[in-house]
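If you want the building blocks of each chain, they are given just below.
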Amino acid sequence: MSKQRPPRPAASAVPLREGLIVASHGRHCVVETPEGERVICHPRGKKLAVVVGDRVRWQPSQDEGTIEQITPRRNLFFRQDEVRTKSFAANLDQVLILVAAEPEFSEHQLARALIAAEAEHIEPLIVLNKADLASPFANAWQRLEPYRAMGYAVLPLAAKPGVLAESAIAGSDGIGALMDRLEGRTTLILGPSGAGKSTLINRLVPGASAQTQEISQALNSGKHTTTSTSWYWMDEAHRTALIDSPGFQEFGLRHIDPMQLAAYMPDIKPHVAECRFYNCTHMHEPGCGVIAASKDKISPARYRIYMALFEELSTL
């Protein structure tokens, strides 16, 4: 009679370890332990979708690990179009939206990113780069006046090393003022191609390129490095962090209810209370407070953005 083997211990009997997701690419991710060790991990099951910034509980297995749980998130910054949802990062303190004097930035894309941040109650920070280009910078700075009037923080910057922008920011490159806004926070950096995002990250985090390459090799993502998201510590105390995200050409807001759109636009929201009808779309109704305000209190460009987004979201 064959001797029965003793039953294997249940997986739950193995203590789970705490960790932070600091890089991701597809179904691969890198978990950082409280001691600073970094381990390649894979989420258990297809339904467990982790993103950079997630606090997780994971189970070691030889030289890799399995993510078993995601602790509750404070927020999740993402975009959604007709095809898919793209999550950038979780548990953020702020989103830095980097635009540049050249090439000319899209105000529609800027508005979309701001709306996504407002919907998740994440503080946005707008940074205008290439302050050394005096004339284009002055024009771009003027375009951002409505955003400053709304109460958004807007900072000037010359991210390229060795460049001073005396006419724009009084002989400073703006790095010091930006560092003050980043200190003690976890910040996601967004920016379209050509805005100078890589230049800025390499100034703020010396050796960031080397870290990215090392993570890319570990995840076997190779030439696809630009499609991954990475976390960088800016200080030895691990209080200040930057998250670098892939660039984007489109920023879908399919997850936004069109009837809630005005609530996420600070220049439009105050005038909603003046509307005659509670379900006003602010497009054509009589007695609409937003339409009345669009004549002298709301920037015409911003009202056009609202109308275009409302129509887009209403047809989805």
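Everything numeric in this text was worked out from a predicted model, so none of it was measured.

Here's the deal with the overall build of the protein chain
- Counting secondary structure elements, the protein chain contains 10 helices and 13 strands.
- Relative to its 316 residues, the protein chain shows a buried fraction of 49%.
- In the protein chain, the share of contacts with a sequence separation of at least 24, taken over all contacts with a separation of at least 6, comes to 63%.
- In the form shown here, the protein chain has an accessible surface area of approximately 16400 Å², with 50% of it arising from carbon and sulfur atoms.

Structural notes on the nonpolar core
- Ranked by size, the top nonpolar core spans 72 residues in total, and within it Ile-67, Phe-77, Ile-126, Tyr-147, Leu-188, Leu-261 and Tyr-306 carry the most contacts.
- Here this core gets 8 residues from one element, more than from any other, and that element is helix α1 (residues 107-119).
- Other than its neighbours up to four places away in sequence, Tyr-147 contacts Glu-107, Leu-110, Ala-111, Leu-114, Ile-126, Tyr-152, Arg-302 and Ile-305.
- Ala-100, Leu-125, Ile-189 and Leu-200 belong to the second-largest nonpolar core, a separate cluster that totals 22 residues.

Side note on the state of the cysteines
- By the definition in use, this model includes 0 disulfides.
- This cysteine, Cys-275, is not joined by any disulfide, and Cys-288 carries the nearest cysteine sulfur, 3.8 Å off.
- Note on Cys-275: relative accessible area 13%, which makes it buried.
- No disulfide involves Cys-288; its sulfur sits 3.7 Å from that of Cys-280, the nearest cysteine.

Concerning the pattern of salt bridges
- Scanning the model with the defined rule gives 16 salt bridges in all.
- Residue Asp-93 pairs with Arg-74 through a salt bridge whose shortest N-O separation is 3.3 Å. Here Arg-74 lies in the loop between β5 (64-70) and β6 (76-80) and Asp-93 lies in the loop between β7 (85-90) and β8 (94-100), a separation of 19 residues in the sequence.
- For Arg-74, a relative accessible area of 53% puts it in the exposed group.

Things to note about helix α5 (residues 175-182)
- Taken as a whole, α5 has its buried residues at Ile-175, Leu-178 and Leu-182. Down the axis of α5, the buried side of the element spans an arc of 65°, and every buried residue falls inside it.
- Elements in contact with the buried residues of α5: β8, β9 (123-129), β10 (153-156), β11 (186-190), α6 (197-204) and β13 (241-244).
- Positive phi shows up at Gly-184, right after α5, with a value of about 75°.

Considering the confidence of the model for the protein chain
- Here the protein chain shows a mean pLDDT of 88. Residues at 70 or above account for 86%.
- Taken as a whole, residues 222-226 scores under 50 in pLDDT and shows 5 contacts with residues more than four places along the chain or in a different chain.

Each value, and the rule that gives it
- Residues numbered from 1 in each chain as written.
- Predicted model: local features only at pLDDT ≥ 70, side-chain atom pairs only at ≥ 80, totals over all residues.
- Heavy atoms only, no water.
- Helix = DSSP H or I, 4+ residues; strand = E, 2+ residues; numbered from the N terminus.
- Buried < 20%, exposed > 50% of the residue type's maximum accessible area, 1.4 Å probe, protein only.
- Contact = heavy atoms within 4.5 Å.
- Areas by Shrake-Rupley, 256 points an atom, 1.4 Å probe, with all protein chains shown as cover.
- Core = buried A, V, L, I, M, F, W, Y, C linked by side-chain atoms within 4.5 Å.
- Disulfide = S-S within 2.5 Å.
- Salt bridge = Lys/Arg side-chain N within 4 Å of Asp/Glu carboxyl O.
- Arc of directions from axis to C-beta.
- pLDDT = per-residue confidence, 0-100.

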